[in-house]
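For reference, the chains in residue letters:
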Amino acid sequence: MKKILIYIFLSLYFLTVSSSSVFASIGIKKEIKNTIREKIQQLKEASVSPKEFREEIKNTIKEEIKEKEKGIIDKIKNLVKKNLRFNARIKGIVKEIGENSLKIESEGKLYLVNVTDKTKLIRRFGGESNLSEFSVGDEVNVFGKYVDENKTSIDANLVRNLSIQRRWGVFFGEILSKEKESFVIKTLTRGNLTVYLSSQTKILTHKKETIKYEDLQVGQRVRIKGVWDKTLNKIFEIEEIRVFPQKPVLTPTLTL
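Below you will find a few notes about this structure. (Residues numbered from 1 in each chain as written. Predicted model: local features only at pLDDT ≥ 70, side-chain atom pairs only at ≥ 80, totals over all residues. Heavy atoms only, no water.)

### A short note on unusual backbone geometry
Reasoning step 1: A positive phi angle is found at Lys208, which is not glycine, with a value near 65 degrees.
Reasoning step 2: By relative accessible area, which is 61% here, Lys208 ends up exposed. (Buried < 20%, exposed > 50% of the residue type's maximum accessible area, 1.4 Å probe, protein only.)

### Considerations on the pairing of strand E6 (residues 153-161)
Reasoning step 1: Direction of pairing for strand E3 (residues 109-114) relative to E6: parallel, over a ladder of three bridges. Across the sheet, residue Leu112 finds its bridge partner in E6, namely Ser153.
Reasoning step 2: Pairing between strand E4 (residues 120-123) and E6: four bridges, direction parallel. In the sheet register, Ile122 faces E6, and the bridge partner there is Arg160.
Reasoning step 3: Inspection of the sheet shows strand E5 (residues 139-146) paired to E6 by seven bridges, in the antiparallel sense. The partner of Asn141 across the bridge, within E6, is Arg160. (Pairing = 2+ DSSP bridges. Helix = DSSP H or I, 4+ residues; strand = E, 2+ residues; numbered from the N terminus.)

### Digging into the packing of aromatic side chains
Reasoning step 1: Evaluation of the coordinates by the stated rule reveals three aromatic pairs.
Reasoning step 2: The ring of Tyr196 carries the charged tip of Lys234 above its face, separated from the ring centre by 5.7 Å.
Reasoning step 3: For Lys234, the ring lying beneath its charged end belongs to Phe236, and the centroid distance is 5.0 Å. (Phe/Tyr/Trp six-rings, centres within 6.5 Å; stacked < 30°, edge-to-face > 60°. Lys NZ or Arg CZ within 6 Å of the ring centre and 35° of its normal.)

Written as structure tokens, this is what we have:
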């Protein structure tokens, strides 16, 4: 019996001293101590040998710590899911673009999507984007959180514009028509594309000489570097327009 009491004392000492920092750190010291006390009482009543007593106490401590830690991990996982999981996931068409918002139509329902400083805007294949690239008619994915009971207003975490496929695509075509700030080109594989110029656009000849927009003519072949909007068939954020030399037109001559 004396040996039993010694092991009891050592076990309690282990609980209160050696493992106090561990138990305190996970907030379960009291619960485990109570469980161990109950186990000690059971072992005393069963009159087990000192060796069996040690093994039982050791296994009980391990099991209790493992169980409590598992419970805490589950709580953390649930907390993460509750706070970080996107509960708003929609796919739709841009109907209106505001200064810091989008109106999206999805399955016949209109949503207000709030774009904050925490919202990430990306293109189809993951390139960074911004609202100035978006156009009415673009197809988008929205991930975020509903902020109203009717679930029509969303604070967006991520907006992916499926219509903007690449950042610096290279496009070849022939100028079909020309407006004040845009022109239309005919391409071999993408049909007709509308090209929108900006203040940053450089227009060069095939000899890399700078020319003005007014110098472009219908019928000229051009190479364009810019962002392609697949849905709206347009190219914008133009970096460079390169004009190819026109092929000479052969005129038949009449010989007598």
